[in-house]
Amino acid sequence: MIFIGIISGIINSIIGMASLISYPALISVGIPPVLANASNTVALISSGISSTLSSLKELRGHWKQVTPVILLNAIGGLIGSVLLLHSSNAAFSKIIPFLIFFAACSILIPKKPKLEQNKKSNGLFFEYLILGLVGIYVGYFGAGAGVIMIAVLSRISESPYNVYNATRNVATLASNLVASIIFILVANLYWKEIIILAIGLFIGGFIGPKIVRYIPTKIMKNGVGIFAIFLSIYLFIKAFF
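Here the structure is a predicted model, which means the values were calculated and not measured.

**Q** Where do I start with helix α2 (residues 19–28) in this structure?
**A** Since there are 3.6 residues in each turn of an α-helix, residues three or four apart along the chain are aligned in direction. For α2, the complete set of buried residues consists of S19, S22, Y23, A25 and L26. The buried residues of α2 occupy one face: seen down the axis, they fall within an arc of 155°. The inward-facing, buried residues of α2 abut α1 (2–14), α3 (33–54) and α10 (191–212).

**Q** I'm lost on the pattern of salt bridges in this one. Help?
**A** Pairing is possible between side chains that carry opposite charge, provided their charged atoms lie close to one another. Taken as a whole and judged by the stated rule, the model has 1 salt bridge. A salt bridge links E58 to R213; the nearest nitrogen and oxygen atoms lie 2.7 Å apart. In this pair, E58 sits in helix α4 (residues 56–59) while R213 sits in the loop between α10 and α11 (217–240), placing the two residues 155 residues apart along the sequence. With relative accessibility at 24%, the residue R213 sits in the partly exposed group.

**Q** Would you explain the packing of aromatic side chains in this entry?
**A** For any pair of aromatic rings, the description consists of the separation of the ring centres together with the inter-plane angle of the planes. Evaluated as defined, the whole model comprises 5 aromatic pairs. With centroids separated by 6.0 Å and ring planes inclined at 75°, the aromatic side chains of F98 and F240 adopt a geometry described as edge-to-face. With F98 in helix α6 (residues 96–108) and F240 in helix α11, this pair connects stretches of sequence that are 142 residues apart. Judged by relative accessible area, which is 48%, F98 ranks as partly exposed. Classification of F240 by relative accessible area gives partly exposed; the value is 36%. Each residue in the set F98, F236, F240 and F241 is aromatic and connected to the rest through ring pairs, giving one cluster.

Calculation rules
- Along every chain, residues carry numbers that run from 1 in the direction the sequence is written.
- Local features in this predicted model are restricted to residues of pLDDT 70 or higher, and side-chain atom pairs are both shown and tallied only at a pLDDT of 80 or more, whereas totals for entire chains, interfaces and linings draw on every residue.
- Values reported for side chains reflect all heavy atoms of the structure, with hydrogen atoms and water molecules removed beforehand.
- Type-normalised accessible area, obtained with a 1.4 Å probe on protein chains alone, sets the label of each residue: buried when under 20%, exposed when over 50%, and partly exposed for intermediate values.
- Counting from the N terminus, the helices are the DSSP runs of H or I reaching at least four residues and the strands are the DSSP runs of E reaching at least two.
- What the arc measures is the spread of directions leading from the helix axis to the C-beta atoms.
- For this analysis, residues touch if any pair of their heavy atoms sits within 4.5 Å.
- In the sections that follow, a salt bridge refers to a side-chain nitrogen of Lys or Arg positioned within 4 Å of a carboxyl oxygen of Asp or Glu.
- Aromatic contacts are taken between Phe, Tyr and Trp rings whose centres are within 6.5 Å, Trp giving its six-membered ring; a plane angle under 30 degrees counts as stacked, one over 60 as edge-to-face, and the others as tilted.

Without other data, these values stay purely geometric and don't point to any function.
In structure tokens:
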């Protein structure tokens, strides 16, 4: 489980899809789906902490832009965690393939240049609304949430990949932290598995941002987008056939 955590932590801090490995690992040891998702969210806090520490270089000078994203994700995480606890075990499995496919398209389709004035007057509210919805999804179902966040930030940010990926890491940490508080208070979590997984996630989360630092933005975006398309197809087949 520690090795799975390390791999998941690296993936989480690079792309944001750790749950696609760590969540099935928890399922495989007999934890029910909703509780596995909740336990996974709690474990992911360790990856969020280490990846944020490892990303301080990228975050320097960007905290003014990062802070609203953090707040929106924290609020979204609260709402999403409540939704999860009132969901059936199968409900979210049929939603995620479509969300990830949409995210993949958003990453791969080139952005149209926007007039600065038009962006300021019309785009800010819409962008914040989308980020809030992503925060809800992060709290609701962690698997695939990172790539959706990357898709949104890639559309609204002019920074390179390593900067908005660092923003995603710290914003997702905020959402997972708030959601985890709810889960700890009301759910019967599997603490033994959480602790073992969290150790690996912390190690992997610290390594990931250092890798991203040396990979060009175009390669990262295209790689994440293509991977997300294949992932959405796989999850669609798994959910419906």
